[in-house]
Amino acid sequence: MVSPALERDVRTRHRRRATPNASVFLSKGQLLAVLLILGAIAASSCYRPRLTVTVVVAACMLFYIVTALLKLVITLAGRNYRPPRWKRVWPGDPTLPAYAVLLPVHKEANMLRHLVSRVDKLVYPRRKLRVLLLIEHDDLETLEAASRLRIPFYGGPDQMAAGGYLRIVVIPPGGPRTKPNAMNVAMNIVVREGCEFVTVYDAEDRPDPDQLLKAVGTFRAATMDLACLQAELAFWNDDTNWVTALYWIGYKIHFTRFLPGLARLGLPIPLGGTSNHLRVSALLDVALRPGGQVWDPHNLTEDADLGARLAAAGYRVDLLSSTTMEEAPVKATVVDKQQRRWKAGYLQTGLVHTRRPLRSMRRMGPARWLCFNLLMLGVPVSFLLNPLFVALTVAYFTTRSELIVALFPAPVYYPGVAVMLLGNLGLLYELMHACLEEAEHARGRFDLVRYMLMAQLMWLWMSRSTYIAVFELVTGKRAWHKTPHGHAEAEEAGFRHRCQSVPPGWQASQPSGWQTAPFAGHSLEDRYWAEST
């Protein structure tokens, strides 16, 4: 659902062929390539079955080695990453641009009151803020909850200018029932309201109050090719159980080591689904054609796809020195549904950006294109291969089968053993090192180290989810598996207690004017805001 004005705007910017999207799993060319590869393997197996399997195993080992080295280089590069410069911005600055905040929610009636309260703590002039609560037309429960909170419906620019910064946008029927489809509907309003920047928050998000101001300050200090700033995502319920602990450390490594490494090396950054602050003009430049949709409504990881399109158009993505707290899944069943969506989305994104390889390489650069697709396709492929090689290892030590030995000649066996030992030990070291390092800060927990030993169980569970995701994609049964949010009040109270507790001597060490309490109930435009340094 895209307005004619937005479609005309995008049409004037782009007069090229239609942009590939994830509406189909494989293009005709990709399907032909897959059939040729499978046909060659099948034909070879008829004549030299053992040699064929050995070659396939060797190819898998080569894949493991290349992806492991790539991730190692990226992670090491992230250790020396320097955040972008930024200018201090005051809430009372009359030149602050209009800023849109998109809040796509679905079946989130229990979280609505918390979400509105947290967004209300954002430090930004209310007359320049456009917060749009995106609710599906048939989500009656959430619509009723919004009505109880007396949130008005969006009625046009004049209505928002008259008073209030929060409005409900009802997503009409038609199109996929996905988060990116809802955001595409809201994008019409973002353009109509003249917003210069836009960001997205999920129902459970708790962004730093000054996150919008920091984003504006960073954009002002950068050149116009900076199209997006990704804030760090972290979990407040990291110590609930082994599932939340492993999710917490996974996010910590991803946002403090891996993404900084990508940014430092100038590689495309797959965006997170929330807390990415985007320049509206850049979004219009990379919109899908025809139709002018900014986010691919068929892609289950529309954020990663958007990051690739920004890189292909010559834009930069960098990291924002701000944190948004989220809620980690506490049950393995919730992890399963979330991982199905993520792994299927990575496959979709990789396949979309390999449909026209020569054109994509020319726009993105061969090395950047190769690294991006190796990461997008490599993650799910790794999770598909892992249980197979684990099963082979167990079968060998159980049966001492000569057939398994024959599949691993010396040139394959020794690199395979090196990858298995060094890779697993290296990952375990990285998990424990990051956990201990974070334990020195407010969000760390020394007692979470013991959960790092359960990482292999989590990875095998994610492999199961990946197999289901591939099955859903192949059979056309892909679905947006929603992650449920909302925990017991006791955990909420525990989070507030940890946030409000002040270590001895901390208050005295802060600069003059630092505020430890939120700005609720005060005029934000006239408040003094000091940055922690």
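Residues numbered from 1 in each chain as written. Predicted model: local features only at pLDDT ≥ 70, side-chain atom pairs only at ≥ 80, totals over all residues. Heavy atoms only, no water.

**A few points about the overall build of the protein**
Note the following rule: Only DSSP runs of H or I reaching four residues or more are called helices, and only runs of E reaching two or more are called strands; each is numbered from the N terminus. Relative accessibility under 20% of the residue-type maximum defines a buried residue, over 50% an exposed one, and the middle range a partly exposed one, all with a 1.4 Å probe and only protein chains included. Contact criterion: two residues are considered in contact whenever any of their non-hydrogen atoms come within 4.5 Å of each other. The accessible surface values rely on the Shrake-Rupley method and a 1.4 Å probe; as for residues, cover is taken only from the protein chains in view.
A count of helical and extended segments in the protein gives 18 helices and eight strands. With 533 residues in all, the protein has 51% of them scored as buried. The long-range fraction of contacts in the protein, counting pairs at least 24 apart against all pairs at least 6 apart in sequence, stands at 82%. Of the roughly 24,800 Å² that the protein leaves accessible, carbon and sulfur atoms contribute 63%.

**Concerning the pairing of strand β1 (residues 99-105)**
Regular strands have side chains that alternate between both faces of the sheet. Put simply, the test is: A pair of strands is labelled paired if DSSP reports no fewer than 2 bridges between them. Every crossover in which the path from the first strand over the helix to the second runs clockwise, viewed with the strands pointing away from the viewer, is termed right-handed.
Within β1, seven of the seven residues are buried, leaving the element largely enclosed by the surrounding structure. Here β1 pairs with strand β2 (residues 129-136) via seven bridges, running parallel. Residue pairing across strands places Leu102 opposite Leu132, the latter belonging to β2. With helix α4 (residues 112-120) bridging β1 and its parallel neighbour β2, the resulting β-α-β unit is right-handed. Judged from the four bridges that link them, β1 and strand β4 (residues 197-200) form a sheet pairing that is parallel. The residue of β4 that forms the bridge with Ala100 is Val198.

**Observations regarding the packing of helix α12 (residues 332-352) against helix α17 (residues 455-474)**
Counted only if it meets this: To get an axis, a line is fitted to the C-alpha atoms, and for a helix only the part in contact is used. The angle between two axes follows their N-to-C directions and goes from 0 to 180 degrees. Here is the rule for angles: anything less than 35 degrees is roughly parallel, anything more than 145 is roughly antiparallel, 65 through 115 is roughly perpendicular, and the remaining ranges are oblique. The crossing is said to be left-handed when, going from far helix to near helix, the turn is anticlockwise and less than a right angle, and right-handed when the turn is clockwise. In this classification, the charged set is Asp, Glu, Lys and Arg, the nonpolar set is Ala, Val, Leu, Ile, Met, Phe, Trp, Tyr, Cys and Pro, and all remaining amino acids, among them Gly, are polar.
In contact at an axis separation of 8 Å, α12 and α17 are set at 55 degrees when each is read in the N-to-C sense. Relative to α17, α12 is oriented oblique. Relative to α17, α12 is oriented so that their crossing is right-handed. Here α12 contributes Ala332, Val335, Asp336, Gln339, Arg340, Lys343, Ala344, Leu347 and Gln348 to the contact with α17, which in turn contributes Met458, Trp461, Met462, Arg464, Ser465, Thr466, Ile468, Ala469, Val470, Glu472 and Leu473. In terms of residue class, the contact of α12 with α17 is built from 11 nonpolar, four polar and five charged.

**Quick notes on the packing of helix α13 (residues 357-364) against helix α14 (residues 366-399)**
Packing of α13 against α14 leaves a shortest axis separation of 6 Å and a crossing angle of 115 degrees. Relative to α14, the element α13 is oriented roughly perpendicular. The two elements α13 and α14 meet at a crossing, and its hand is right-handed. For the pair α13 and α14, contact is made by Pro357, Ser360, Met361 and Met364 and by Pro366, Arg368, Trp369 and Phe372, respectively. By residue class, the composition of the contact of α13 with α14 is six nonpolar, one polar and one charged.

**Description of the sheet that holds β1**
Strand order in the open sheet made by the eight strands is β3-β2-β1-β4-β7-β6-β8-β5, with mixed pairing throughout. The open sheet has two free edges, formed respectively by β3 (166-171) and β5 (206-207), since each of these has just one partner strand. Pairing of strand β6 (residues 226-235) with strand β7 (residues 276-279), which is carried by three bridges, proceeds in the antiparallel orientation. Residue Gln230 lies in a different strand from β7, and its bridge partner there is Asn276. Packing of helix α11 (residues 302-312) onto the sheet brings it into contact with β6, β7 and β8 (316-326), and relative to β7 it is tilted by some 40 degrees.

**Side note on the environment of Trp295**
Among the structural elements, Trp295 can be located in the loop between α10 (280-285) and α11. Classification of Trp295 as buried rests on a relative accessible area of 3%. Each C-alpha atom, one on Trp295 and one on Met183, is 7.4 Å from the other, the two residues being 112 residues apart in sequence. Look past the residues within four positions of Trp295 in its chain and what remains in contact with it is Leu102, Pro180, Met183, Asn184, Met187, Leu278, Leu283, Leu288, Glu302, Leu306 and Arg309.

**Observations regarding the pairing of β4**
The alternating pattern of β4 places Phe197 and Thr199 on one face and Val198 and Val200 on the opposite face, and all of these are buried. Sheet topology places β4 next to β7; two bridges connect them, and they run antiparallel. For Phe197, the partnering residue across the bridge sits in β7 and is Arg279.

**Quick notes on the confidence of the model for the protein**
Note the threshold: Values of pLDDT, which run from 0 to 100, indicate the predictor's confidence residue by residue.
For the protein, per-residue confidence averages 84 on the pLDDT scale, and residues scoring 70 or more make up 85% of the total. Across the protein, element-level confidence peaks in β4 with a mean pLDDT of 97 and bottoms out in helix α1 (residues 4-13) with 46. Across residues 1-15, where pLDDT falls below 50, the model places 29 contacts with residues more than four positions away in sequence or in other chains. When the criterion is pLDDT under 50, residues 497-533 qualifies, and its contacts beyond four places in sequence or with other chains add up to 46 contacts.

**Brief notes about the pattern of salt bridges**
Put simply, the test is: Criterion for a salt bridge: a side-chain nitrogen of Lys or Arg within 4 Å of a carboxyl oxygen of Asp or Glu.
Scanning all chains against the criterion turns up 16 salt bridges. The partner of Asp202 in a salt bridge is Lys179, with the nearest N and O atoms 3.0 Å apart. Of this pair, Asp202 sits in the loop between β4 and β5 while Lys179 sits in helix α7 (residues 179-192), and the two are 23 residues apart along the sequence. Lys179 shares its class with Asp202; the two are buried. Via salt bridges that share partners, Arg79, Arg257, Glu430 and Glu437 belong to a single interconnected network.

**Some words on the nonpolar core**
Inclusion rule: We define a nonpolar core as any set of buried Ala, Val, Leu, Ile, Met, Phe, Trp, Tyr and Cys residues linked to one another through side-chain atoms lying within 4.5 Å.
Of all hydrophobic cores here, the largest spans 70 residues; its most connected members are Leu102, Leu134, Val190, Leu278, Trp295, Leu306 and Leu310. With sequence-adjacent residues up to four places away left out, Leu278 is seen in contact with Glu196, Phe197, Val198, Ala227, Cys228, Leu271, Leu283, Trp295, Leu306 and Leu310. Judged by nonpolar contacts, the second largest core, of 37 residues, contains Leu112, Leu122, Leu166 and Phe197.

**Examining α17**
Basically, it comes down to this: To estimate the expected span of a helix, count its residues, drop one, and scale the result by 1.5 Å.
With 20 residues, α17 extends 29 Å between its outermost C-alpha atoms, agreeing within 8% with the 28 Å of an ideal straight helix rising 1.5 Å per residue. What α17 keeps buried is the set Ala455, Met458, Met462, Ser463, Ser465, Thr466, Ala469, Glu472 and Leu473. Along its buried surface, α17 packs onto α9 (242-265), α12, α14 and α16 (410-438). Downstream of α17 by a residue or two, Gly476 has a phi angle that is positive, lying close to 75 degrees.

**Quick word on α4**
How we decide: Arc, as used here, means the arc of the directions from the helix axis to the C-beta atoms.
What α4 keeps buried is the set Leu112, His114, Leu115, Arg118 and Val119. Considered in projection along α4, the buried side chains sweep an arc of 160 degrees and stay on one side of the axis.

**Here we look at the side chain of Asn299**
The cut-off we apply is this: In protein, a polar contact requires one atom able to donate a hydrogen and another able to accept it; more generally it is a pair of N or O atoms within 3.5 Å, and residues adjacent in sequence count only if both atoms are side-chain atoms.
With respect to the helices, strands and loops of the structure, Asn299 is situated in the loop between α10 and α11. What makes Asn299 buried here is its relative accessible area of 0%. Here the side chain of Asn299 touches Thr349 through a polar contact of 3.3 Å, side chain to side chain. Sequence-distant contacts of Asn299, that is, excluding residues within four places in its chain, are made with Ala22, Pro180, Asp305, Gly345, Gln348, Thr349 and Trp480.

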